[in-house]
Amino acid sequence: MIFNRTNTDNIIDGCKKNNRIAQEQLYKSYYESMMNMCLRYTINEEDAKHILNNGFLRVFKIIHQFDQGKATLYTWIRTIVMNCCLDHLRSKQQLVVSNELHAIAEQAVEPDIHDKMNAEQILFLLKTLPAATQTVFNLYVVDGYSHKEIAEMLQVSEGTSKWHLSEARRIMKQKLLQKEKNLY
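Attention now moves to the overall build of the chain. When its secondary structure is counted, the chain shows eight helices and zero strands. Secondary structure of the chain in N-to-C order comes out as α-α-α-α-α-α-α-α. Per-residue burial over the chain gives 42% buried out of 184 residues. Sequence-distant contacts in the chain: of pairs separated by 6 or more residues, those separated by 24 or more amount to 69%. Counting every atom, the chain has about 10,800 Å² of accessible surface; 50% of that belongs to carbon and sulfur.

Within this structure, the stated rule accounts for six salt bridges. A salt bridge links Glu24 to Lys28, with the shortest nitrogen-to-oxygen separation between them at 2.8 Å. Placement of the pair is Glu24 and Lys28 together in helix H2 (residues 20–40), with a separation of four residues, close to one helical turn. For Lys28, a relative accessible area of 58% translates into the label exposed. One salt bridge connects Lys49 with Glu45, and the closest N-O pair in it is separated by 3.6 Å. A residue pair is termed a helical-turn pair when its members lie 3 or 4 positions apart in one helix, as Lys49 and Glu45 do in helix H3 (residues 45–62) at four residues. Judged by relative accessible area, Lys49 falls into the partly exposed class, the value being 37%. Shared partners join several salt bridges into a network, and the residues in it are Arg40, Arg78 and Asp143.

Another point: the nonpolar core. Of all hydrophobic cores here, the largest spans 45 residues; its most connected members are Leu26, Ile77 and Leu139. Going through the elements one at a time, helix H1 (5–16), H2, H3, helix H4 (73–91), helix H5 (119–126), helix H6 (131–142), helix H7 (147–154) and helix H8 (158–183) are the ones with two or more residues in this core. Top contributing element to this core by residue count: H4, with 10 residues.

Two measures describe an aromatic ring pair: the distance that separates the ring centres and the angle between the ring planes. Following the criterion strictly, the structure yields five aromatic pairs and no others. Ring geometry for Tyr30 versus Tyr74: centroids 6.2 Å apart, planes at 35 degrees, classification tilted. Here Tyr30 is found in helix H2, whereas its partner Tyr74 is found in helix H4, with 44 residues between them in sequence. Relative accessible area serves as the criterion here: at 11%, Tyr30 is assigned to the buried category. Pairing Phe56 with Phe60 gives two aromatic rings, centres 6.0 Å apart and planes at 40 degrees, and the pair type is tilted. Placement of the pair is Phe56 and Phe60 together in helix H3, with a separation of four residues, close to one helical turn. Each member of the aromatic cluster is reached from another via a ring pair, and the members are Tyr27, Tyr31, Phe56 and Phe60.

About the thresholds
- Residues numbered from 1 in each chain as written.
- Predicted model: local features only at pLDDT ≥ 70, side-chain atom pairs only at ≥ 80, totals over all residues.
- Heavy atoms only, no water.
- Helix = DSSP H or I, 4+ residues; strand = E, 2+ residues; numbered from the N terminus.
- Buried < 20%, exposed > 50% of the residue type's maximum accessible area, 1.4 Å probe, protein only.
- Contact = heavy atoms within 4.5 Å.
- Areas by Shrake-Rupley, 256 points an atom, 1.4 Å probe, with all protein chains shown as cover.
- Salt bridge = Lys/Arg side-chain N within 4 Å of Asp/Glu carboxyl O.
- Core = buried A, V, L, I, M, F, W, Y, C linked by side-chain atoms within 4.5 Å.
- Phe/Tyr/Trp six-rings, centres within 6.5 Å; stacked < 30°, edge-to-face > 60°.

Spelled out as structure tokens, the structure:
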């Protein structure tokens, strides 16, 4: 559902009043895009749904803080759900990264390996990566965050973020080459 300014204002006002119909409209309108993001950061659909529902619970609890002058509703909701994804990974201790990683030299791997793959292949391969490496790849390549921003969000060094991206590309390239080799 595409909202115009009036619809958006009405739905936000309804959500602020805990109107279940307005909350359902908002949830259904953003479900697919937010669920797709959650699926990129989790191993299974059950975890993704759990994160998504926690995200919308937060949205409904703090909807009164939404400021249309600062961000679009989509961006605001996406930020909240993204933070829920990261909180979930931290709670599962899947983002534990070694402080030694920042000292490892970045490996030389084709920077555009993800450009040679279709979306399905990328998502499949992403699920096989270690959690921290998968998270950094998603944040950098899919969501467009800088290494500095990723380092702040994950509380790691920029070098660690760069290493995880390099490692993701290396692993994905290796798996893609193996897949191509098996086809011939």
